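# Summary of structural features
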Amino acid sequence: GGVSVAAANIAAIRNRAMLANQVAGVSGSRRSYQPPPSNFGPCPMLEREKLLEVWNPLASLAQSMSYHAAGCCETKYVEMGGPFEIGVDHQDAAYSVTECLGVIQEIATSSSAAEAVFDAHLLQLLGVAISPTMANKEVLQSSEAMFDILVDVAMKNVSLCQRLFFLLRSFIGVLEVQKAEQQQQHGSETIVIALKLLRYAQRSLSGRMFDKSVRLEEGRQGSY
């Protein structure tokens, strides 16, 4: 009995909805959908070639890492300087290379979730470090400093260390192919600098891993 009553109620609701739609269509009183007012200004379209001129990938990466380090808590994120909420002073947000590296360094040394944050942003960290924004002679030392921070964090976690080592080899392999293909066009300075940075990180990571294995082996021998 309960099932038949429920079915009858559903049919009645559908009939009322159909009747209301017919009446609205005849009278022309159907209202078009009005989206809720936005608190944000217009977002102009950028030409593709100007995207990296306007968008700051390092600043975006630093803020994404900050949000992750804040546990995706809006209140804590704003306290850490998150710039994207309404009412927050954008002038205080990290934007320059030095400021962004300071944010990343702070997460590496002070956040209890540093390893998880860096692991989640591993591809972005490598990509930004060798992007045209960073892979140029003016900020080469800043890119090396970024890799130094990444290697320091990776050495605290075996899985993160292995993933970083694999990604460095993969990035180097891909760029070597691109470099060979562009040799007839006198190569690309960006690729050359990117390869230099990746090999710098690879040597640093390999050396740290070797030193750590030697210390562990010496410790085991000393315990006998």
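Note that the coordinates shown come from a computational prediction; the quantities given were computed from them, not determined experimentally. Within any chain, residue numbers begin from 1 and follow the written order of that chain's sequence. Confidence filtering applies because this is a predicted model: local features only for residues at pLDDT of at least 70, side-chain atom pairs given and counted only at 80 or more, and all residues used for totals across whole chains, interfaces and linings. Only hydrogens and water are set aside; all other atoms, that is, all heavy atoms of the structure, feed into the side-chain values.

Right, let's talk about the overall build of the protein for a bit. In this description a helix means any DSSP run of H or I spanning at least four residues, a strand means any run of E spanning at least two, and both kinds are numbered starting from the N terminus. From N to C terminus, the protein includes ten helices and zero strands. Starting at the N terminus and walking to the C terminus, you meet the elements of the protein as α-α-α-α-α-α-α-α-α-α. Burial classification: accessible surface area is computed with a 1.4 Å probe over protein chains only, and a residue below 20% of its type maximum counts as buried, one above 50% as exposed, and the rest as partly exposed. Residues counted as buried form 29% of the 224 residues belonging to the protein. Once local pairs closer than 6 in sequence are excluded, the contacts in the protein between residues at least 24 apart make up 64%. We call two residues in contact when some of their heavy atoms are within 4.5 Å.

All right, on to the pattern of salt bridges then. Throughout this description, the term salt bridge denotes a Lys or Arg side-chain nitrogen within 4 Å of a carboxyl oxygen of Asp or Glu. One pass over the structure, following the stated rule, counts three salt bridges. Notably, a salt bridge pairs Asp119 with Arg163, separated by 2.6 Å at the nearest N-O pair. With a gap of 44 residues between them, Asp119 in helix H6 (residues 114–120) and Arg163 in helix H9 (residues 158–181) connect regions that are remote in the sequence. The salt bridge partner of Asp152 is Arg208, with a shortest N-O separation of 2.8 Å. Taken together, the residues Asp152 in helix H8 (residues 140–154) and Arg208 in helix H10 (residues 189–222) connect sequence positions 56 residues apart.

Here we take up unusual backbone geometry. Most peptide bonds take the trans form, and the phi angle of most residues other than glycine is negative. A positive phi angle, close to 60 degrees, is found at Cys72, a residue other than glycine. Mapped onto the secondary structure, Cys72 falls in the loop between helix H3 (57–69) and helix H4 (74–79). Classification of Cys72 by relative accessible area gives partly exposed; the value is 48%.

Attention now goes to the packing of aromatic side chains. Only the six-membered ring of Trp is used, alongside the rings of Phe and Tyr, when aromatic pairs are assigned; centres must lie within 6.5 Å, and planes under 30 degrees apart are stacked while those over 60 apart are edge-to-face, with the rest tilted. For the structure on display, the rule yields one aromatic pair. Between Tyr67 and Tyr77 the ring centres are 4.9 Å apart and the planes differ by 85 degrees, which places this aromatic pair in the edge-to-face class. Here Tyr67, found in helix H3, pairs with Tyr77, found in helix H4; they are ten residues apart in sequence, far enough to count as distant. Under the relative-accessibility criterion, Tyr67 is labelled partly exposed at 26%.

Another aspect to go through is the nonpolar core. What makes a nonpolar core is a set of buried Ala, Val, Leu, Ile, Met, Phe, Trp, Tyr and Cys residues whose side-chain atoms join them at distances within 4.5 Å. With 44 residues, the main nonpolar core has Phe118, Met146, Phe147 and Leu164 as its most contacted residues. Those elements giving two or more residues to this core turn out to be H3, helix H5 (97–110), H6, helix H7 (122–129), H8, H9 and H10. Discounting residues that sit within four places of it in the chain, Phe147 has contacts with Leu126, Ala129, Ile130, Leu168, Leu197, Leu198, Tyr200 and Ala201.

Turning our attention to the confidence of the model for the protein. When pLDDT is averaged along the protein, the result is 78, and 67% of the positions lie at 70 or above. pLDDT: the predictor's confidence for each residue, scored from 0 to 100. Predicted confidence in the protein is weakest over helix H1 (residues 2–27), with a mean pLDDT of 57, and strongest over H6, with 95. Confidence drops under a pLDDT of 50 for residues 26–30, and excluding neighbours within four residues, the segment shows three contacts in the predicted structure. Low pLDDT, under 50, characterises residues 85–90; the stretch is placed with ten contacts to residues that sit more than four places away or in other chains.

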